[in-house]
2 protein chains.
Amino acid sequence: MENQNILIYDTTLRDGTQREGLSLSVEDKVRIADRLDRMGVAFIEGGWAGANPKDGEFFRRMQEYRLSSAELVVFCSTRRAGIKAKDDPMLVPILAAETKWITIFGKSWDLHVIEGLRTTLEENLAMISDTIAYLKSCDRRVSYDAEHWFDGYKNNPDYAIQTLKAAFEAGAEWFVLCDTNGGTMPDEVAKITKVVYDSLRQWGSESPQIGIHTHNDAGLAVANAIAGVQHGATMVQGTINGYGERCGNANLCTVIPNLQLKMGYECIAPAKLSQLTEVSRQVSEIVNLAPDDHAPFVGASAFAHKGGIHVSAVQRNPLTYEHVTPESIGNNRRIVISEQAGLSNVISKVETFGICLRKEDPACRQILQKTKELEQIGYQFESAEASFELLVREALGDRPEFFTISSFHVYCTTDATHIDGGVNSQATVKVMVKDEEHLTAAEGNGPVAALDVALRKALISFYPEIANFYLTDYKVRILNSDSGTQATTRVLIEFSNGKRRWSTAGVSNNIIDASCKALGEGIEYGLLSAVRHTKV
Amino acid sequence: MENQNILIYDTTLRDGTQREGLSLSVEDKVRIADRLDRMGVAFIEGGWAGANPKDGEFFRRMQEYRLSSAELVVFCSTRRAGIKAKDDPMLVPILAAETKWITIFGKSWDLHVIEGLRTTLEENLAMISDTIAYLKSCDRRVSYDAEHWFDGYKNNPDYAIQTLKAAFEAGAEWFVLCDTNGGTMPDEVAKITKVVYDSLRQWGSESPQIGIHTHNDAGLAVANAIAGVQHGATMVQGTINGYGERCGNANLCTVIPNLQLKMGYECIAPAKLSQLTEVSRQVSEIVNLAPDDHAPFVGASAFAHKGGIHVSAVQRNPLTYEHVTPESIGNNRRIVISEQAGLSNVISKVETFGICLRKEDPACRQILQKTKELEQIGYQFESAEASFELLVREALGDRPEFFTISSFHVYCTTDATHIDGGVNSQATVKVMVKDEEHLTAAEGNGPVAALDVALRKALISFYPEIANFYLTDYKVRILNSDSGTQATTRVLIEFSNGKRRWSTAGVSNNIIDASCKALGEGIEYGLLSAVRHTKV
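Bear in mind that the values here come from a model prediction, so they are computed numbers and not experimental data. (Residues numbered from 1 in each chain as written. Chains lettered and ligands numbered in written order. Predicted model: local features only at pLDDT ≥ 70, side-chain atom pairs only at ≥ 80, totals over all residues. Heavy atoms only, no water.)

A few words now on the overall build of chain A. A count of helical and extended segments in chain A gives 17 helices and 16 strands. Summarising its shape, the C-alpha atoms of chain A cover approximately 85 × 70 × 45 Å along the three principal directions. Evaluated residue by residue, chain A yields a buried proportion of 61% over its 536 residues. At a minimum sequence separation of 6, the contacts of chain A that also span at least 24 residues come to 65%. Accessible surface, chain A as shown: approximately 20700 Å² in total, 48% of it carbon and sulfur. Positive and negative side-chain charges of chain A, numbering 54 and 68 respectively, have mean locations separated by a distance of 3 Å. (Helix = DSSP H or I, 4+ residues; strand = E, 2+ residues; numbered from the N terminus. Buried < 20%, exposed > 50% of the residue type's maximum accessible area, 1.4 Å probe, protein only. Contact = heavy atoms within 4.5 Å. Areas by Shrake-Rupley, 256 points an atom, 1.4 Å probe, with all protein chains shown as cover. Lys, Arg positive; Asp, Glu negative; His and termini not counted. Charge placed at Lys NZ, Arg CZ, Asp CG, Glu CD.)

Below, the discussion takes up the packing of helix α8 (residues 186–202) of chain A against helix α9 (residues 221–230) of chain A. Residue and element names in this part refer to chain A. Packing of α8 against α9 leaves a shortest axis separation of 8 Å and a crossing angle of 25°. The pairing of α8 with α9 is recorded here as roughly parallel in orientation. Of the two possible hands of crossing, α8 and α9 adopt the one that is right-handed. Together, P186, V189, A190 and T193 of α8 and A223, N224, A227 and G228 of α9 make up the contact between the two elements. (Axes fitted to C-alpha atoms, helices over the stretch in contact; angles between N-to-C directions. Parallel < 35°, antiparallel > 145°, perpendicular 65-115°, else oblique. Left-handed = near helix turned anticlockwise from the far one by under 90°.)

Within a sheet, each strand pairs with its neighbour through backbone hydrogen bonds, oriented either parallel or antiparallel. Strand order in the open sheet formed by six strands is β13(A)-β12(A)-β11(A)-β11(B)-β12(B)-β13(B), with antiparallel pairing between adjacent strands. With one partner strand each, in any of the chains shown, β13 (436–444) of chain A together with β13 (436–444) of chain B form the two edges of the open sheet. Direction aside, the axes of adjacent strands within the sheet are offset by 10° on average. One ladder, built from five bridges, connects strand β11 (residues 404–414) of chain A with strand β11 (residues 404–414) of chain B; its direction is antiparallel. (Pairing = 2+ DSSP bridges.)

What follows covers the UniProt feature "domain: Pyruvate carboxyltransferase" (unreviewed entry) in chain A. Sequence positions flagged by UniProt for "domain: Pyruvate carboxyltransferase" (unreviewed entry) are, in local numbering, residues 6–277 of chain A. The distance separating the terminal C-alpha atoms of residues 6–277 of chain A is 20 Å; by composition the span is 43% helix and 17% strand. (UniProt positions renumbered as here; feature names shortened; annotations may be inferred.)

If you look at the interface, chain B gives 106 residues, while chain A gives 111 residues. Applying the counting criterion to the chain B and chain A interface returns one salt bridge. R334 of chain B is the partner of E20 of chain A in a salt bridge, and the nearest nitrogen-oxygen pair spans 2.4 Å. In this assembly, chain B and chain A are joined by 32 residue pairs in polar contact (both at pLDDT 80 or more). For the side of chain B that touches chain A, the leading source of residues is β11 of chain B, giving 11 residues. The residue makeup of the side of chain B that touches chain A, split by class, is 37 nonpolar, 44 polar and 25 charged. (Salt bridge = Lys/Arg side-chain N within 4 Å of Asp/Glu carboxyl O. Polar contact = N/O pair within 3.5 Å; in protein donor to acceptor, adjacent residues only side chain to side chain. Nonpolar A, V, L, I, M, F, W, Y, C, P; charged D, E, K, R; others polar.)

Turning next to the sheet that holds strand β8 (residues 233–238) of chain A. All names here are of chain A. The eight strands lie next to each other as β1-β2-β3-β4-β5-β6-β7-β8, forming a closed barrel whose pairing is parallel. Adjacent strand axes in the sheet meet at a mean angle of 25°, parallel and antiparallel pairs treated alike. Across five bridges, the pairing between strand β6 (residues 174–179) and strand β7 (residues 210–214) is parallel. Within β7, the residue paired with C178 across the bridge is H213.

Take the packing of helix α1 (residues 26–39) of chain B against helix α2 (residues 53–63) of chain B next. Residue and element names in this part refer to chain B. Between α1 and α2, the shortest axis-to-axis distance is 9 Å and the interhelical angle comes to 50°. What the angle tells us is that α1 and α2 run oblique. Here α1 and α2 pass one another in a crossing that is right-handed. Within the contact between the two elements, α1 uses V26, E27, K29, V30 and A33 and α2 uses K54, D55, E57, F58, R61 and M62.

Here the focus is helix α10 (residues 252–262) of chain A. Residues and elements named next belong to chain A. Among the 11 residues of α10, nine are classified as buried, and the element is accordingly described as predominantly covered. Taken as a whole, α10 has its buried residues at L252, C253, T254, V255, I256, P257, N258, L259 and Q260. Packing partners of the buried residues in α10 comprise β1 (7–10), α9, β8 and α11 (276–286). Regarding α10, its N-cap is N251, as a side-chain oxygen of that residue lies 2.9 Å from the backbone nitrogen of C253 further along. At the exit of α10 stands G264, carrying a positive phi of roughly 80°.

All names here are of chain B. In this model helix α16 (residues 447–459) runs 19 Å from its N-terminal to its C-terminal C-alpha over 13 residues, within 8% of the 18 Å that 1.5 Å per residue would give. The element α16 is largely enclosed, with a buried count of 11 among its 13 residues. P447, V448, A449, A450, L451, D452, A454, L455, R456, A458 and L459 are the residues of α16 that are buried. (Expected span 1.5 Å × (residues − 1).)

Residue and element names in this part refer to chain B. Inspection of the secondary structure assignment puts K29 in helix α1. Here the side chain of K29 touches D55 through a polar contact of 2.6 Å, side chain to side chain. Excluding anything up to four places from it in sequence, K29 contacts L13, L24, G46, G47, D55 and F58.

As a further point, take the pattern of salt bridges. Under the definition given, this model contains 53 salt bridges over all chains. The partner of D217 of chain A in a salt bridge is R246 of chain A, with the nearest N and O atoms 2.8 Å apart. Taken together, the residues D217 of chain A in the loop between β7 and α9 and R246 of chain A in the loop between β8 and α10 connect sequence positions 29 residues apart. Across the pair, R246 of chain A and D217 of chain A agree in class, each one buried. Put simply, R141 of chain B and E173 of chain B hold a salt bridge, and the shortest N to O gap is 2.7 Å. Of this pair, R141 of chain B sits in strand β5 (residues 141–147) while E173 of chain B is found in the loop between α7 (157–170) and β6 (174–179), placing the two residues 32 residues apart along the sequence.

As a further point, take the pairing of β1 of chain A. Residues and elements named next belong to chain A. For β1 and β8, the ladder comprises four bridges, and the chain directions are parallel. Residue pairing across strands places Y9 opposite Q237, the latter belonging to β8. In the sheet, β1 pairs with strand β2 (residues 43–47) via two bridges, with the strands oriented parallel. If you follow Y9 over to β2, its bridge partner there is F43. Handedness of the crossover joining β1 and β2 through helix α1 (residues 26–39) is recorded here as right-handed. (Right-handed = clockwise from strand over helix to strand, strands pointing away.)

Residues and elements named next belong to chain A. Evaluated as defined, the whole model comprises 27 aromatic pairs over all chains. On the basis of an interplanar angle of 80° and a centroid distance of 5.8 Å, the ring pair of W48 and F105 is categorised as edge-to-face. Linking W48 in the loop between β2 and α2 (53–63) with F105 in strand β4 (residues 101–107), this pair joins segments that are 57 residues apart in sequence. When its relative accessible area of 17% is taken as the criterion, W48 is described as buried. (Phe/Tyr/Trp six-rings, centres within 6.5 Å; stacked < 30°, edge-to-face > 60°.)

A separate point is the side chain of H213 of chain B. Residue and element names in this part refer to chain B. Topologically, H213 is positioned in strand β7 (residues 210–214). Looking at H213, the relative accessible area reads 4%, which means it is buried. Within polar-contact distance, the side chain of H213 engages the side chain of D15 at 3.2 Å. Polar side-chain contacts of H213 include one of 2.7 Å to the side chain of Q237. H213 has contacts with T11, R14, D15, V176, L177, C178, D179, Q237 and N249, leaving out every residue within four places of it along the chain.

Right, dumping it as structure tokens:
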């Protein structure tokens, strides 16, 4: 029953999107799939093609996209009652998704068959086996999700086992035990998974392929996934950051390091485990949900030490107050926040720009002071390293003045035909470059785009390399949002020159002003690195 | 080993305050203690008197305060090495707290004795027994917290057991096994708790009093608490909402309903279990942290149903998709509208507006169609129920036209002294009200604030109730943000009239336009409900 390899089946793109308030564009889905593939998950469940226009489009997009190692999976229920699978129109877009693998979910719980599907127990068995057999005949590989498995088994074990057997005999390759309502306790998961393992062996499967899919309604999704693995499952289904309906799915960012660092299983290549914190934060950015600082393993506070006793002990021997090393999952230890620790943070941060500072250096204390002031008013430099580097260079007297934005004006205006017509945005910018003032105007899709174009127009004759810079991301966060439109706005802008990316931040109580600050610093940083690279 | 009563030991006021960003006033602590007492927890750990001025004052305050049934507990470490407990000044404020119960924590892990305390293994045993014996001689009852119990036991089981025996022989009444670093797995907790149970029996304790204190660094705090209870613990320590250092402590709002509703134990009086959701939210109010909507049992989304299949089934039989009844812990079922919505979602959602629809009704399909179309271009109605209600009323021909926004112009402009000066924002709006056009202008802190003021100015003489509406939240989300400032913007705005709140959404490739749409619908919805309430 021991198996050192556990396959990770990610369902962030399907079950994860059931979370209230989480909605993904097709582009978001492609980015997440790409990131998961690079981390090395085995399966990526992309959605239910045909259930909504977006999922269908996603699978079309993915046909042109080459995942390096993950298998893309399309998800669907068993066919409807009373018709043949080959005649069920629901399966047409499923096959059109052109994935090698299809996950079919079916009912294990007699109550759901009768009250949910309103059909007979026999017909449900036929729906399972007919659907799987048909898809096999279309040359697909099938994973079978036994929905409500544990509740079903507890209510009517014989019938539940019959549903699995129907899937087995029809040719399903994986048998995924779902705790759909999330209410099962770990000892029940353990016991019932063992029963399935033994049944599959009895039916002739030499090494049963069991998956475990858990929900967190009782706060036990991770514990239940682990109990499943300890009793025969070799696939774990879950989502990044535990996104999912109600209280969420098993959080893969917690399950993977538990299995891999503590229990000796291999879920992803050991060299890739240190990507986990980054993946967690990137996905939370893409879905635009604030990351949970207190998340196990990957949270910003997961290795934060507060009290004096802890801090001195952890510095002598990290093992004393840390259950795993933060580096193993790409996280960091944080000491909160004595000024000494602050100074060492500044020093180690500045080193990454190739600048060597010592604690005694007055610039060091000045940078710390300025950082704290700016963070107090809403800046955050973790996602705006270019702005931080400019701040550091200013403190060191090493920030060349490429230009200054003297003033700007932005107009947004509708036509009389506003309801169906567009909105016209114009910006004028006055910029000082090499002691001369330049006033330019431009139009754009929105006010920030107009400002961006006007700014480039003013600068391009002086700095032609600006033509290569473009905006790759623009994010807005309202701070202390309780005060509505009076609140502080933080804008983060990401730029690229085709070779590398950099990010800047702007904060203001005016969103246009915040955007202008971030735009200005982004262009400045791009020029600074162009100069540096020319020198080298 | 079976015991149907589990005592709840709350440490929100002590271990909970170790959470980064959580800080309580004395008044806050009194309010939380009072609320926990009314819900019926057995023990309330109030703090470490003497460690900071606040905790000392809290215990003084509590001497005048009569808790109805909970025992207030003061927390402290074993005495320092090398002196007698009676001479250790640290214990003076502990006794001055005048509680019947004192919790003393001591070291179980040899590594911590040597590297943390820098003393000998023998002296640590003496520190445990001398401290407990001294407090017993002062007529106190003592609970002993075995810090780092599981790590200590795994590293050196013999020594760990000796520390417990020292506490036992000195007269401690409870033996609390702490997973201080939060890294222990449930099967280890189970096995090691059983060892302690057997040891205590062997030392002559007829019914061993074991507590379990777990942390969530591996996402297993709740599972570990349950494993402890299943193997002999009859006290669970934890915090409300799982507040605590790093990844938090065992969340009592999850542990209690698991033990009580699923496993047949009694933690608090059954009649009081339905206070749990209220307690969770009140404590989050007092500590000023946003409640976790996705928290098991007590979260606002814990019983929220999104997918169409789920909704129709849960309406026929709640058991199909709910592991416990929401009412049992004082929570509610909620139906959520989203792109996965089916007709039944629409129907049950619309019912909450007092509108009765049937599946056959063409308006029903029309609403579903419109919702899906709008979600495709970036709308999201889960957090914008007022916009959804307007959409429904439009489909039903029941959306009165209060006004139309014909056009707007927004200006943002800096002074020449931009770098230090502010940004001036002005808006002009042209509105059609009762067949007349009205043009107004206003200034504001930012462009959206200016637009809001101008809009109200145009409308207030027709609809004076607008004076009571105000913005309480403003959120911006950039969709498909890869395309930078060209991307689609979704704005969510929350309004209030002092009595209730409502939210609207606006989507556009121009942030000002998106804001204008959401503002307009927000005012419209406010007027609509004012009319309805006048009618009733």
